[in-house]
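Summary of structural features
Spelled out, the chains give:
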Amino acid sequence: MPSPEQIMQSVRSMSTDELHNLAEAVRQAQIERAIDGGDHDAIIARAFEIGFGRDGLGVLPWVEGTVIVCPGGLVSRSRTSHRCRFVSVDDVWVWDSGLLLREDKRSSPGVEDGFRAIALLPLVDGTELDVVSGRARSGGHSVEHVVSYEVRAGELVEVSQRDVATKNMR
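Now for a quick tour of the structure.

Rules used throughout
Residues numbered from 1 in each chain as written. Predicted model: local features only at pLDDT ≥ 70, side-chain atom pairs only at ≥ 80, totals over all residues. Heavy atoms only, no water. Helix = DSSP H or I, 4+ residues; strand = E, 2+ residues; numbered from the N terminus. Polar contact = N/O pair within 3.5 Å; in protein donor to acceptor, adjacent residues only side chain to side chain. Contact = heavy atoms within 4.5 Å. Pairing = 2+ DSSP bridges. Buried < 20%, exposed > 50% of the residue type's maximum accessible area, 1.4 Å probe, protein only.

Time to look at the side chain of R85. Turning to its location among the elements, R85 is positioned in strand β3 (residues 81–89). Within polar-contact distance, the side chain of R85 engages the backbone oxygen of G58 at 2.6 Å. Side chain to side chain, R85 and S133 meet in a polar contact 2.7 Å long. For R85, the residues in contact, after removing those within four places along its chain, are D55, L57, G58, P71, G72, G73, V131, V132 and S133.

This is how it looks when you write it as structure tokens:
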């Protein structure tokens, strides 16, 4: 195996197209590793046990092996009122993400209506996640809080947290 210095020397000598191809090959290898590297059924089963707070909403995402575990959920108080927390991946909702490996949904236990979901994503460097907490009242939906992460060197790193003023959100 070449040393890190030898690898960097080789990378620096590549053309722009070669660098893009190398980056895509690394990304594909990370995705394949996530698909092959773990018991997704067991990860999801455990996540349904530990991935939700007392409020019924998903806790913050975490890394398990080669996947990112993303709990999400919605708790309805009535037909026009609910609380929710979901993950956005690279500016699209997790369920619409091209990186989504698997998502399982279940009805929420208890007296309130709603559901819980666990989504698995591959641990791919550069992926950006936003955990979006919101609320709906009388047909209007608002974002209340966002926690942002980025995958860096195989770690899920928090990069910001912000409260969102209702007047600024539509």
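Before going further, it helps to spend a moment on the pairing of strand β8 (residues 140–152). Bridge count between strand β7 (residues 128–137) and β8: 10 bridges; the pairing is antiparallel. From the neighbouring strand, G134 faces β8, where its bridge partner is V143. Here β8 runs beside strand β9 (residues 155–163); their pairing, made up of 8 bridges, is antiparallel. Across the sheet, V146 pairs through a bridge with R162, a residue of β9.

Attention now moves to unusual backbone geometry. Positioned with a positive phi, D90 is a non-glycine residue whose angle comes to about 50°. Within the element layout of this structure, D90 appears in the loop between β3 and β4 (92–93). On the basis of relative accessible area, D90 is assigned to the partly exposed category, the value being 34%. One non-glycine residue, D91, lies in positive phi territory at about 70°.

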